[in-house]
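Tertiary structure, described
Below, each chain spelled out in residue letters.
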Amino acid sequence: MATLWRRRERLLGVSGRLCRTVRALSGKNEYDLLVIGGGSGGLACAKEAAQFGRKVAVLDYVEPSPQGTKWGLGGTCVNVGCIPKKLMHQAALLGSALKDAQHYGWNIAQPVHHTWSVMAQAVQNYVKSLNWGHRVQLQDKKVKYFNMKGSFSDPHTIRGLTKGGKETIVTAENIVIATGGRPKYPTHIAGALAYGITSDDLFWLKESPGKTLVVGASYVSLECAGFLTGIGLDTTVMMRSIPLRGFDQQMASLVTEHMECYGTKFLKRCFPTKVEKLESNKLQVTWKNTDLGTEETDCFDTVMWAVGRAPDVKTLNLDAVGVKTNSETGKIIVDASEATSVPHIYAIGDITEGRPELTPTAIAAGKLLARRLFGQSSELMDYDNVPTTVFTPLEYGCVGLSEEAAVQCYGSDNIEVYHAYYKPLEFTVAERDATQCYIKMVCLREREQRILGLHFIGPNAGEVIQGFALGIKCGATYPQLMKTVGIHPTCAEEITKLHITKRSGLDATVTGC
Ligand code: FAD
Ligand code: NDP
């Protein structure tokens, strides 16, 4: 068997060398563009390049999670990110709507309960349809798809390996790295890897995670903890420092305050030290409470690590070609044109240093790169004023600078903050608490009052902020916003009515309609 294997390896090695020799002799690469990574950025780049009639290939390979979860073509967003997350968030919102419905006259038979397996199956089926859709699109656009893990052999040559170990050598004039990132495991914590899961597993669980501890306090953690709470699971967030680092901290506090009212438990200023599996199959977690200086424990059915994401560059063999990475983050260093330190090798999306880890930025960067490479465009990706939304039970959407960042850039004397506490009309009849429904607009204080940042907590925050982001991208000012006629009665309308400044100290609660 071992002899057979060595013979096979030798043969494959010969085919690789042969391919490189053919390229050396003909001076021609097989593809105009080869993209490593079939996620948001990679697929967008490949499809756009193909529109220009270029010969394009994509390599995509999903390394199963440490718990063995795997999925199809489309990357993080489609399989273990935005899409299943938003659908499960919707499941939770429907739970709240059911409660509201009774106030609106609906007779909902009691007890109402949620079945994880039904939701999970439906979400997973939809994700699988997207995997299929991506394959069809590549075929339609004549992009060659290799289900292989890629690594560099030389600056124009990629060695692709299938799950079964079959090797293919592909050469290309231009190579784009779009391999994204994967959740980190805190491997220094005993039992973390053996017993914990990450967001790579959560959406693919066949059975309910039950009583869950989510460690971390950023996007992934709060969003997942939010929908788990919303579908009725006993959910705890362990937060070692602040929530939503990098976001406006007043807004972040309102988001977690609302989650606490909604039923999510928070272990603040705590960090885990070990996870043990008991005979009962429960997971016993031990943690340190830094405020009290105590060690505490509790048992959970599931422990989910949401402690950040890391680029997986090791398998790419970047050292062989000299693509430079940041030694701390491991991410690939690129310039404004997404070029790496090696000519004709580019990188886009989550794998790149200093870029937002968001699907729309990865897609836009990929498309623009393809147009610059093959379409005589010189347009660069503009990463300023990228809107985003945290899909917590009460959503938080924002674009532009936080109040802290604006103060740091311009000084507190030079900024004006308009704000309002408002009550969505839908909350009134339903008797929902609206304490955390808050809007804040950060402007320059000079005559024009250019808007620097807009922050909105409330229903459909993503939909609200998306529209206003256009105005802010175009340099909208406070007076222009005041000339914008609202749509009544909506939550977004409240933005067009902002008139109380923080500086005035006046009560910012909206009264009347
Ligand atoms: P990815 O989409 O991660 O694609 C990379 C692909 O490359 C993967 O398929 C990977 O398996 C493959 N690959 C890796 N190495 C190799 C190799 N050597 N050879 C071949 N293939 C390889 N963003 C939003 O905008 N909105 C959201 O609501 C949102 N929600 C999220 C929720 C969660 C839980 C998570 C984790 C992320 C979320 N994101 C969201 C972020 C978003 O998913 C990412 O920013 C986006 O997917 C990045 O795209 P990408 O192309 O850089 O990489
Ligand atoms: P982040 O890196 O943003 O946050 C990691 C969190 O884990 C922080 O709260 C951090 O705390 C905490 N943490 C780190 N290490 C430990 C540890 N050892 N023990 C306890 N806590 C720890 O990662 P996310 O995975 O949440 O998000 C990654 C990116 O994915 C985001 O930046 C975002 O761009 C994208 N995303 C977008 C979404 C959207 O658009 N709606 C949704 C989800 C993800 P501390 O602050 O103290 O360091």
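These numbers come from a predicted model, not from an experiment. (Residues numbered from 1 in each chain as written. Chains lettered and ligands numbered in written order. Predicted model: local features only at pLDDT ≥ 70, side-chain atom pairs only at ≥ 80, totals over all residues. Heavy atoms only, no water.)

With that settled, the discussion passes to the overall build of the protein chain. From N to C terminus, the protein chain includes 14 helices and 22 strands. Relative to the 2.2 N^0.38 estimate, which gives 24 Å for 513 residues, the radius of gyration of the protein chain is 25 Å and therefore close to what a compact globule would have. Summarising its shape, the C-alpha atoms of the protein chain cover approximately 80 × 65 × 50 Å along the three principal directions. The proportion of buried residues among the 513 residues of the protein chain is 49%. Just so you have it, the protein chain exposes about 24,700 Å², and 54% of that area is on carbon and sulfur atoms. (Helix = DSSP H or I, 4+ residues; strand = E, 2+ residues; numbered from the N terminus. Rg over C-alpha atoms; globule rule 2.2 N^0.38 Å. Buried < 20%, exposed > 50% of the residue type's maximum accessible area, 1.4 Å probe, protein only. Areas by Shrake-Rupley, 256 points an atom, 1.4 Å probe, with all protein chains shown as cover.)

Right, let's talk about the sheet that holds strand β11 (residues 265-268) for a bit. In spatial order, the strands read β8-β15-β9-β10-β11; together these five strands make up an open sheet with parallel pairing. The open sheet has two free edges, formed respectively by β8 (197-198) and β11, since each of these has just one partner strand. Strand direction decides the pairing type here: strand β9 (residues 212-215) and strand β15 (residues 302-305), joined by four bridges, are parallel. Residue V214 lies in a different strand from β15, and its bridge partner there is M304. Helix α8 (residues 219-230) rests against β9, β10 (235-239), β11 and β15 of the sheet, and its axis sits at about 160° to β10. (Pairing = 2+ DSSP bridges. Contact = heavy atoms within 4.5 Å. Axes fitted to C-alpha atoms, helices over the stretch in contact; angles between N-to-C directions.)

With that settled, consider the packing of aromatic side chains. For the structure shown, the criterion picks out seven aromatic pairs. Each ring, one from F203 and one from F227, has its centre 6.1 Å from the other, and the planes form 35°; the classification is tilted. Here F227 lies in helix α8 and F203 lies in the loop between α7 (199-202) and β9, a separation of 24 residues in the sequence. As far as the burial class goes, F203 and F227 line up, both buried. Members of the aromatic cluster, joined through ring pairs, are Y219, F247 and Y396. Looking at K144, its charged tip hangs above the ring of F146, at a distance of 5.3 Å from the centre. Across the ring face of F300, the terminal group of K211 is positioned such that the distance to the ring centre comes to 5.0 Å. (Phe/Tyr/Trp six-rings, centres within 6.5 Å; stacked < 30°, edge-to-face > 60°. Lys NZ or Arg CZ within 6 Å of the ring centre and 35° of its normal.)

Let us now look at the nonpolar core. Counting residues in each nonpolar core, the largest one holds 66 residues, and the members touching the most others are L202, Y396, M441, L454, F456 and I495. With six residues, helix α13 (residues 461-473) is the largest single contributor of residues to this core. Leave out the neighbours within four places in its chain, and L454 touches G397, C398, V399, I439, K440, M441, I465, F468, I472 and I495. (Core = buried A, V, L, I, M, F, W, Y, C linked by side-chain atoms within 4.5 Å.)

Around ligand 1 there are 34 residues in total, and G41, D60, T76, K85 and D350 lie nearest to it. In this structure, an oxygen atom belonging to ligand 1 sits 2.8 Å away from a main-chain N or O atom of Y61. Taken together, the elements giving at least two residues each to the shell around ligand 1 come down to α2 (40-51), α3 (75-80), α4 (82-103), β4 (149-154) and α10 (359-374). (Near = heavy atom within 4 Å. Polar contact = N/O pair within 3.5 Å; in protein donor to acceptor, adjacent residues only side chain to side chain.)

Taken together, the neighbourhood of ligand 2 is formed by 20 residues, with Y219, S241, R245, E357 and T389 sitting nearest. In the environment of ligand 2, an oxygen atom lies 2.9 Å from a nitrogen or oxygen atom belonging to the side chain of R240. Contact distances for ligand 2 include 2.6 Å between an oxygen atom and a backbone N or O atom of E357. Relative to its unbound accessible surface of 930 Å², ligand 2 loses 78% to contact with the protein. Elements with a minimum of two residues in the shell around ligand 2: α8 and β18 (388-390). Here the residues of the shell around ligand 2 sort into eight nonpolar, six polar and six charged. (Nonpolar A, V, L, I, M, F, W, Y, C, P; charged D, E, K, R; others polar.)

We now examine the UniProt feature "binding site: FAD" (unreviewed entry) in the protein chain. According to UniProt, the "binding site: FAD" (unreviewed entry) feature falls on K86, G150 and D350. Across 265 residues of sequence, these annotated residues are also dispersed in space, with a maximum C-alpha separation of 30.3 Å. Along the chain, K86 turns up in helix α4. For G150, the location among the structural elements is in strand β4. If we skip the residues at most four places from it in the chain, G150 touches I36, L59, I158, R159, G160, T315 and L316. (UniProt positions renumbered as here; feature names shortened; annotations may be inferred.)

Remark: α8 packs on helix α9 (residues 249-262), axes separated minimally by 10 Å, with the N-to-C direction vectors making an angle of 20°. Here α9 runs roughly parallel to α8, going by the angle between their axes. As α8 runs across α9, the sense of the crossing is left-handed. Each of L222, A225, G226, T229 and G230 in α8 lies in contact with α9, whose residues at this interface are V255, T256, M259 and Y262. Of the residues assigned to the contact of α8 with α9, the class counts are five nonpolar, four polar and no charged. (Parallel < 35°, antiparallel > 145°, perpendicular 65-115°, else oblique. Left-handed = near helix turned anticlockwise from the far one by under 90°.)

Taken together, the side chains of Y104, W106 and V429 present a nonpolar region at the surface, about 360 Å² in accessible area. Turning to its location among the elements, W106 is positioned in the loop between α4 and α5 (116-140). For W106, a relative accessible area of 61% puts it in the exposed group. (Patch = residues over 30% accessible without salt bridge, like charges linked within 9 Å, V, L, I, M, F, W, Y side chains within 5 Å. Salt bridge = Lys/Arg side-chain N within 4 Å of Asp/Glu carboxyl O.)

Using the residue numbers shown here, the UniProt feature "binding site: NAD(+)" (unreviewed entry) corresponds to G216, A217, S218, Y219, V220, S221, L222, E223 and G308. Taken along the chain, the residues just named run across 93 residues; in space they keep tight, none of their C-alpha pairs more than 13.4 Å apart. By the element assignment, S218 lies in the loop between β9 and α8. Judged by relative accessible area, which is 31%, S218 ranks as partly exposed. Turning to its location among the elements, S221 is positioned in helix α8. Residue class for S221 comes out buried when judged on its relative accessible area of 0%. Setting aside its immediate chain neighbours within four residues, S221 contacts V214, G216, V237 and A306. Only 2.5 Å separates the side chain of S221 from the backbone oxygen of G216, close enough to count as a polar contact.

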